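Breakdown of the fold
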Amino acid sequence: MSKLIQSEFEWADKQYKYLMKTVPEDKMPQSFKDGKLITKDISWWCSGFYPGSLWMIYEQTKDPEIRKEAEKRLKMIEPNKTFTRDHDLGFMMFCSFGNAYRITKNPEYKNIILTSAESLSTRFRPNMQAILSWDKMADFKGPVIIDNMMNLEMLMWASQNGGSKKLEEVAVTHANTTIKNHFRRDFSSYHVIDYDVNTGDVLNKKTFQGYADSSAWARGQGWALYGYTMMYRLTKDKKYVMQAQNIAKFILNHPSMPEDKIPYWDFDDPKIPNVPRDASAAAIIASALLELGQYSNGEEKQHYIDTAKQIIVSLSGEKYQAKLNENGGFLLMHSTGGLPLNSEIDVPLIYADYYFLEALKRYKDWYL
Ligand code: GLY
């Protein structure tokens with residue numbers, strides 16, 4: 001694994017230097033389709049993944065060209081620190097500035113994270129005991145999506161690094177409300193819980209990006225696994241690690257999990273195996289399992305590490321990994337963004353690359 005991980009980072013360095021040349025000055029890379037780079041504005045939920053990936057590559061290769069681009073792209077998204085229009089600020093500002101601060105200890109980056117966490121916390125709705133994910137989306141009244149668990153990391157980190165105590169209270173309250181309402185008996189999760197914003201009553205349990213309201217959308221299961229593992233790290237509350245272990249059981253024992261451990265886009269699509277995979281879900285699951293392995297013992301721990309290793313090996317192989325200077329400069333192929341929305345089906349996605357790089361780093365740091 002040591003050689004594989006080293007060569008993956010060296011290759012990522014070269015591939016991102018190719019990607020870098022194609023990204024417009026005022027946009028962020030999102031995907032690649034029909035020979036064209038797809039880009040997004042900085043207010044798109046994914047704007048932190050490109051800078052974050054660049055920082056993780058720089059950390060390993062110390063390539064000054066990669067660092068220069070990482071710094072430039074951080075600057076570009078700094079105005080997001082006062083963004084309050086949806087819940088995605090953690091993805092945008094912590095995957096980017098969080099890695100940058102971890103690597104450089106630049107106090108400016110820390111201040112930006114603290115401001116961003118305050119902005120995100122304005123979306124907490126006391127009556128719902130949760131952070132409101134979206135203001136206006138479809139017919140939802142008070143939607144909270146399972147993805148929102150990921151944004152709690154920035155609140156927790158900020159609270160524990162000079163920010164207000166209130167940020168941690170918001171994160172813990174949100175995580176507890178999500179345990180109560182988002183999960184089924186088998187520890188799979190609904191995508192969207194729609195709340196009454198005034199009473200906090202659950203109005204509906206729905207999906208937005210999954211196959212059906214009752215199905216297990218693969219990336220959503222990954223967000224849940226990662227979210228509760230991370231909440232255990234930052235609170236040491238045992239109920240979070242137990243939740244994560246139960247979610248892992250659901251994912252790892254699912255009959256539709258393929259042999260190469262790269263899930264189909266939704267575990268319950270009845271057309272499996274003739275449906276797209278989601279490499280992004282696989283990368284998120286691998287990164288989360290590696291952390292969960294840190295908090296588990298015996299056979300369970302080994303199972304998490306072995307599965308994460310298998311995912312890394314699959315994603316590093318010909319089927320999922322692009323060739324140099326192909327795939328628009330993205331690392332991985334075969335992710336699925338929103339199949340029912342007819343959006344980003346079987347394409348590269350910037351966040352698949354991000355969590356793949358994070359999984360490589362975690363394996364190297366913890367298991368080599
Ligand atoms: N957070 C949006 C998604 O996972 O597609």
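Residues numbered from 1 in each chain as written. Predicted model: local features only at pLDDT ≥ 70, side-chain atom pairs only at ≥ 80, totals over all residues. Heavy atoms only, no water.

**Description of the overall build of the protein chain**
In plain terms, the rule: Secondary structure elements are defined from DSSP: runs of H or I of at least 4 residues count as helices, runs of E of at least 2 residues count as strands, and each element is numbered from the N terminus. C-alpha atoms define the radius of gyration, and 2.2 Å times the number of residues to the power 0.38 defines the globule rule. Working definition: with a 1.4 Å probe on protein chains only, accessible area under 20% of the residue-type maximum means buried, over 50% means exposed, and in between means partly exposed. Here, two residues are considered to be in contact whenever any of their heavy atoms come within 4.5 Å of each other. Areas reported as accessible are Shrake-Rupley estimates using a 1.4 Å probe. Residue values count occlusion only from the protein chains shown. Positive charge is attributed to Lys and Arg, negative charge to Asp and Glu, and no charge count is given to His or to the chain ends. By convention, the charge on Lys lies at NZ, on Arg at CZ, on Asp at CG and on Glu at CD.
Within the protein chain one finds 12 helices and 7 strands. Relative to a compact globule of 368 residues, whose C-alpha radius of gyration would be 21 Å, the protein chain shows 19 Å and is just as compact. Projected onto the principal axes, the alpha-carbon positions of the protein chain cover approximately 55 × 45 × 45 Å. Every one of the 368 residues in the protein chain was classed for burial, and the buried ones make up 59%. The contacts of the protein chain with a sequence gap of at least 6 include a subset with a gap of at least 24, amounting to 66%. Only carbon and sulfur atoms are counted for the fraction: they give 49% of the accessible area of the protein chain, which is about 14600 Å². Taken together, the 46 basic and 46 acidic charged side chains of the protein chain have centroids lying 3 Å from each other.

**Digging into the site of the ligand**
Here is the rule we go by: We call a residue near a given molecule or strand whenever any one of its heavy atoms falls within 4 Å of it. Contacts described as polar in this section are N or O atom pairs within 3.5 Å, which, within protein, must combine one atom able to donate a hydrogen with one able to accept it, while residues neighboring in sequence count only if both atoms come from side chains.
Around the ligand, the surrounding shell consists of Trp 45, Asp 147, Gln 209, Trp 217, Arg 219 and Trp 223. One of the side-chain nitrogen or oxygen atoms of Asp 147 is found 2.7 Å away from a nitrogen atom of the ligand. At 2.9 Å, a side-chain N or O of Trp 223 approaches an oxygen atom of the ligand.

**A closer look at helix H2 (residues 49–61)**
What counts here: Any helix carries an expected span of 1.5 Å times its number of residues minus one.
For H2, with 13 residues, the first-to-last C-alpha span of 18 Å sits near the 18 Å given by 1.5 Å per residue. Buried residues dominate H2, accounting for 11 of its 13 residues. If you check which residues of H2 are buried, you get Phe 49, Tyr 50, Pro 51, Gly 52, Ser 53, Leu 54, Trp 55, Met 56, Ile 57, Tyr 58 and Glu 59. Those residues of H2 that are buried are in contact with helix H1 (2–22), strand S1 (28–33), helix H3 (64–77), helix H4 (89–104), helix H5 (107–121) and helix H12 (350–367). Directly after H2, the chain includes Lys 62, whose backbone phi takes a positive value near 55°.

**Considerations on helix H11 (residues 298–315)**
Helix length check: H11, at 18 residues, gives a terminal C-alpha distance of 26 Å against a target of 26 Å (1.5 Å per residue), a fit within 8%. The set of residues buried in H11 consists of Tyr 304, Ile 305, Thr 307, Ala 308, Ile 311, Ile 312, Ser 314 and Leu 315. Each element contacted by the buried residues of H11 is listed here: H1, helix H9 (238–252), helix H10 (279–294) and H12.

**Structural notes on the state of the cysteines**
Defined as follows: Two cysteine sulfurs form what is called a disulfide whenever their separation falls within 2.5 Å.
The final tally for this structure, using the stated rule, is 0 disulfides. Looking at the unpaired Cys 46, the closest cysteine sulfur is the one in Cys 95, lying at 9.7 Å. A relative accessible area of 8% places Cys 95 in the buried class.

**Thoughts on the packing of H11 against H12**
The criterion, for reference: Angles here are taken between N-to-C directions and fall from 0 to 180 degrees, while the axes themselves are lines fitted to C-alpha atoms, restricted in helices to the stretch in contact. Under this scheme an angle from 65 to 115 degrees is roughly perpendicular, one under 35 degrees roughly parallel, and one over 145 degrees roughly antiparallel; angles in between are oblique. Crossing handedness is defined as follows: a turn of the near helix away from the far one that is anticlockwise and smaller than a right angle gives a left-handed crossing, while the clockwise case is right-handed. Under the scheme applied here, ten amino acids are nonpolar (Ala, Val, Leu, Ile, Met, Phe, Trp, Tyr, Cys and Pro), four are charged (Asp, Glu, Lys and Arg), and all others, including Gly, are polar.
Two elements in contact, H11 and H12, have axes whose closest approach is 11 Å; the angle formed by their N-to-C orientations is 130°. In this view, H11 runs oblique relative to H12, as classed from their interaxial angle. In the packing of H11 onto H12, the handedness of the crossing is left-handed. Taken together, the residues of H12 that come into contact with H11 (itself represented by Ile 305, Lys 309, Ile 312 and Leu 315) are Phe 356, Ala 359, Leu 360, Tyr 363 and Tyr 367. Here the contact of H11 with H12 is composed, by residue class, of 8 nonpolar, no polar and 1 charged.

**Describing the sheet that holds strand S5 (residues 143–145)**
Formally: Whether two strands pair depends on DSSP finding at least two bridges between them.
Pairing is antiparallel in the open sheet, where 3 strands are placed in the order S5-S6-S7. Each of the sheet's edge strands pairs with one partner strand only, and the pair in question is S5 and strand S7 (202–206). Along the sheet, successive strands turn relative to each other by an average axial angle of 20°, direction set aside. Bridging between strand S6 (residues 192–195) and S7 involves 4 bridges; their strand directions are antiparallel. Bridging across to S7, Asp 194 finds its partner in Asn 204. Set on the sheet, helix H7 (residues 165–182) makes contact with S5, S6 and S7; between it and S6 the angle comes to about 100°.

**Observations regarding the pairing of S6**
Regular strands have side chains that alternate between both faces of the sheet. The side-chain alternation of S6 yields two buried faces, one formed by Val 192 and Asp 194 and the other by Ile 193 and Tyr 195. Note: S5 against S6, 3 bridges, orientation antiparallel. Looking across to S6, one finds that Val 144 is bridged to Ile 193. In this antiparallel pair of consecutive strands, S6 and S7, the connection spans 6 residues, and Gly 200 shows a positive phi of 80°.

**Digging into the packing of aromatic side chains**
To keep things clear, this is the line we draw: Each aromatic pair joins two rings of Phe, Tyr and Trp (for Trp, the six-membered one) with centres within 6.5 Å, and gets the label stacked for planes under 30 degrees apart, edge-to-face for over 60, and tilted for any other angle.
Enumeration over the complete set of coordinates arrives at 27 aromatic pairs. When the centroid spacing of 6.4 Å and the interplanar angle of 85° are considered together, the rings of Trp 45 and Trp 223 count as edge-to-face. Taken together, the residues span a long stretch of sequence, with Trp 45 in the loop between strand S2 (36–40) and H2 and Trp 223 in helix H8 (residues 218–235) at a distance of 178 residues. Grouping residues by exposure puts Trp 45 and Trp 223 together as buried. Consider the rings of Phe 94 and Trp 157, whose centres lie 5.7 Å apart with planes at 50°: the pair is tilted. Taken together, the residues span a long stretch of sequence, with Phe 94 in helix H4 and Trp 157 in helix H6 (residues 152–160) at a distance of 63 residues.

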